[in-house]
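# Secondary and tertiary structure notes
So the chains spell out like this:
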Amino acid sequence: MKTDEICDTAISSCLKLGANDVVVTVMKKEESMVRFANDQVTVVNSLDELSASIFLCVGRRKAALNVVDLDKKGLEKACQQAVRIASNMPEASLYAPLPKGPFNYDRKLTERETVPAGPDQAVHWVQESISAAKKAGASRTAGSLTARNVTVHLATSGGAAGVTVHPSLELSIRAFGEGLASGHSLSVSVGEKGFDPSAAGREAGELAKAAKGPKKGEPGTMDAVLGPMVFADLIGEMGRFSSAFYVDAGMSFLTGKIGEQVASPKLDLYDDATDPTSVGASPFDSEGLPTRRKALIEKGVLRTHLHNSATAAKFGVNSTANAGLIAPRPFCLQVGAGEKDVEDIISQVDKGVYVTNDWYLRYQNYSTGDLSTIPRDALFLIEKGEITASLKELRISDNILGMMKRIEALSRQRKWVKWWEVDVPTLVPTALVTGTRFTASSQ
Amino acid sequence: MEDILEMAVQRARSLGASYAEARYQSDIKESILLKNGTPEATSVETMRGIAIRAIMNGGLGFGSTNVLGRRSVNALVDRVVKGAGAAGSVRKSPIVMSPAQTTKADHIIRPRIPAENVPLESRLEMLKEADSYALEAAERSDIKLAGRYLSTDALSTERTVINSDGSMVHSIVPRVSVHIFLTATLPGKGAMQRSISHGEVAGWEGAERWDLPASLAKETRTLSRALHTAKTFKGGKMDVVLGPEVVGLIAHESSGHPAEGDRILGREAAQAGETYLGKDSIGLRVGSDLVNVVDDPTLTRTFGHYLYDEEGVKARRRYLIKGGIINEFLHNRETAAEFGAVSNGSSRSVEFDREPIVRMGNTFVEPGDRSFEEMFEGVRSGVYIKNFMEWNIDDRRYNQKYVGLEAYLIESGKISSMVRNPVLEITTPGLWKAVDAIGDEMEFTSAYCGKGDPMQGIPVGTGGPHIRLKGIRMEGAP
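Residues numbered from 1 in each chain as written. Chains lettered and ligands numbered in written order. Predicted model: local features only at pLDDT ≥ 70, side-chain atom pairs only at ≥ 80, totals over all residues. Heavy atoms only, no water.

### What to know about the domain arrangement of chain A
Residue and element names in this part refer to chain A. Splitting chain A by domain gives domain 1 (3-209) and domain 2 (215-439). Contacts between the two partners involve 41 residues from domain 1 and, on the opposite side, 39 residues from domain 2. For the domain 1 face of the interface with domain 2, the top three residues by lost area are Leu94, Leu109 and Leu186, together amounting to 21%. Viewed at the interface, domain 2 and domain 1 are joined by three salt bridges. (Domains from an automatic or database assignment. Contact = heavy atoms within 4.5 Å. Buried area = accessible area lost by both parts, 1.4 Å probe. Salt bridge = Lys/Arg side-chain N within 4 Å of Asp/Glu carboxyl O.)

Okay, structure coming up:
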């Protein structure tokens, strides 16, 4: 069956069986991933997947199901199962009818070009990146490159129907140097234009070289210059916990803070699925609503949570077109650029640490935002505006809202970040966060 | 299905692959979520497909499809072999598989109460009952449960793996799990949060064993006591007793992960990271004589249970640390070949579309000989950390942090008042070498361990008895 037939058949079948709201999504994924370590390709992954999912409501009772047999019989069976599951469940607390279409979607988002997803080109790009890293001073490298085209066909009983392609090229390269030194860089793009494996390799190699022979860092409260990979991790948390689902569940440090100053006036944060240069772009959300750019934070003030129709109804606002059928989610986060060069930001720090990457962010308390995360890769001591040493073995132990409020400067240069640690595509500058608490192992 | 898998292996071999493996995997997961007492959408997710892995010209290729016709699988085999060839063309050293015994086996677990025989609404009822017990306990103990998030999953995994060495393993493994997240508040005292997981390889009888209503009521009362009475923790040098939940996590993070052969070889370097251990670390002392850390997938009912791995290798108990000394690493056939060893059955994959990589099963500290009371005897001043919220560890698995949630001061050998947020931030050898007493009662918990690219969250068990650390510098947190 063709994808539009799958959608139409499933919707009409579910409606006949008693559903009042139905969303059908058919996804075709074509992907090559090349992983490498010690400058050698360790595996080439090749993925070819066709899947469909049904979300429906019977009254206020909800069910979600994916369909593996995409023929008429398989679909019919799945529809019956989904309706049966929903009918037997109690009513959900959050419910609103699906948005009424039809809708017009932005053609810049529905007609995007695919990327080359074959293994030969991907292996070539990887070699290019490794070579640039080595030339810049790396002793060895590791990473992954993913070339992916995902075609999504969505239709709803509300009359929404659309097709879009999500193309992406994502390279993550980590370069190693002398004595536990390492540097990490990325290149993320929706097409070959803007995808630069050499530049990423070079940056990772240069960082690894500059970070040679790191010494154990001293804990204390210092200014922190957070490179794009670190700042994107924190901004990703601001985006994730903007979701009304987490707010409603009492799991968000942003609960009850609409209209409040939650960050420095220097911070503007947007969710923008309409930017065709982002790998997170999408013409529609999971309920078929056309997406739009929205400010989550303007001059440090929290403007909105992220909503689907159901959470919007509960909160008495309009959907922000961020469905997630269960939990609203950000598509693509963007922080407004600052006015300084990264070098100028470093030069204004009297004593601090320049953190180029982090991982393993965990909360002691989601409702307060108390957390810690571990700097990894190149980490530098800044004294009197100059980088004076390479460091290791420090941890940021702080509060996310406190850190957001202490943003003192943002760089004019911004970078797209999406990798193992940051799953929502995020465009961010480098940030200076004053008074950041660094801790270290006691023994 | 076996004929299609056999066909795929033969086709890969005929295209020149020196090794080929075909796996059919089906995962059916039924999930129910109760948020603040009311249900969100109930979902049934079926993941089903075929994965092919092949070595060609010394390069490794992996691929998957959920379109299961012969034409589609043949096309997949061609793509995988081509990808492996492309990888091999730029490798200096060829990938090879270590020798392994040929296995023909079935591993079918038949639960006493198959989850599919328990209506979804009955499962929801269990969550609702537990939720109401928690609410009642909160009301009686004068706190608010501002957020209650309860979910349960029933998962059935069926696999058939065939490889070009002649192995064939078929398995059906059911799992049940629950996850609970509570946010408790008390005006003037702020909020505390508790995350609880249970999971077993079992049918619904597993969920019945956990007695969720009673355990949630108890957890709520503990949160209340902590909110009402816990004092600020001042820190200082002291003895530390860690509860089984913390010990299990430490065994997993600070012993299991560092021992993974692929990390040691740098294969995960850009994602899940590397390890402080090297190829030559077998025999290295990292802990006191008392410390034995084991990974054992063969323990029945545990969440990380399996008997044969994704390469058809029989699983067995592995002593990662024995008497404080690094004793064994975790290997699949690829990493074992690099070490001149044989696989110890550590190859796992979470779904059909994920490459099998080196994973843990159930990782735990072996029990010692001290009773619970004896763990505290002789401690003049210390802290008992029963469970935690925040934790993390660096990508070499060397520096870690655990922040206590339910925690008590120890004074003159006795547990005394509750304290808030004691922080243990310590190196891996620093931690294991400080162990001077180990309790005699084991507890297991369940978790999903994240690793790989694309990410694979795989079911694991973690466990241990109480352990005591001597003379640790502790910190307090705000």
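### Some details on the environment of Arg11 of chain B
Residue and element names in this part refer to chain B. In this structure, Arg11 sits in helix α1 (residues 2-14). The exposure class assigned to Arg11 is partly exposed, which follows from its relative accessible area of 31%. Along the primary structure Arg11 and Met1 are separated by 10 residues, whereas in three dimensions their C-alpha atoms are 15 Å apart. Not counting residues up to four positions away in its chain, the partners in contact with Arg11 are Asn74, Val77 and Asp78. (Helix = DSSP H or I, 4+ residues; strand = E, 2+ residues; numbered from the N terminus. Buried < 20%, exposed > 50% of the residue type's maximum accessible area, 1.4 Å probe, protein only.)

### With respect to the packing of aromatic side chains
Scanning all chains against the criterion turns up 24 aromatic pairs over all chains. A ring pair is formed by Phe253 of chain A and Tyr363 of chain A, whose centres lie 6.1 Å apart and whose planes are at 25°; its orientation type is stacked. With a gap of 110 residues between them, Phe253 of chain A in the loop between α7 (244-248) and β9 (269-271) and Tyr363 of chain A in strand β14 (residues 358-365) connect regions that are remote in the sequence. Across this residue pair, the class does not change: Phe253 of chain A and Tyr363 of chain A are buried. Chaining the aromatic ring pairs together yields one cluster made of Phe241, Phe245, Tyr246, Phe253, Tyr363 and Tyr366 of chain A together with Tyr149 and Phe181 of chain B. Sitting over the ring of Trp391 of chain B, Arg362 of chain A keeps its end group 4.7 Å from the ring centre. Over the face of the ring belonging to Tyr398 of chain B we find Arg396 of chain B, whose NZ or CZ atom lies 5.7 Å from the ring centre. (Phe/Tyr/Trp six-rings, centres within 6.5 Å; stacked < 30°, edge-to-face > 60°. Lys NZ or Arg CZ within 6 Å of the ring centre and 35° of its normal.)

### Points about the state of the cysteines
Evaluation of the coordinates by the stated rule reveals zero disulfides over all chains. Free of any disulfide, Cys79 of chain A has its nearest cysteine sulfur in Cys14 of chain A, 3.5 Å distant. (Disulfide = S-S within 2.5 Å.)

### Topic: the interface of chain B and chain A
Taken together, the contact pairs 92 residues of chain B with 78 residues of chain A. Of the roughly 7000 Å² buried where chain B meets chain A, counting both sides, 48% is carbon and sulfur surface. Applying the counting criterion to the chain B and chain A interface returns eight salt bridges. One salt bridge connects Asp248 of chain A with Lys35 of chain B, and the closest N-O pair in it is separated by 3.0 Å. The tally of links between chain B and chain A comes to 57 residue pairs in polar contact (both at pLDDT 80 or more). (Polar contact = N/O pair within 3.5 Å; in protein donor to acceptor, adjacent residues only side chain to side chain.)

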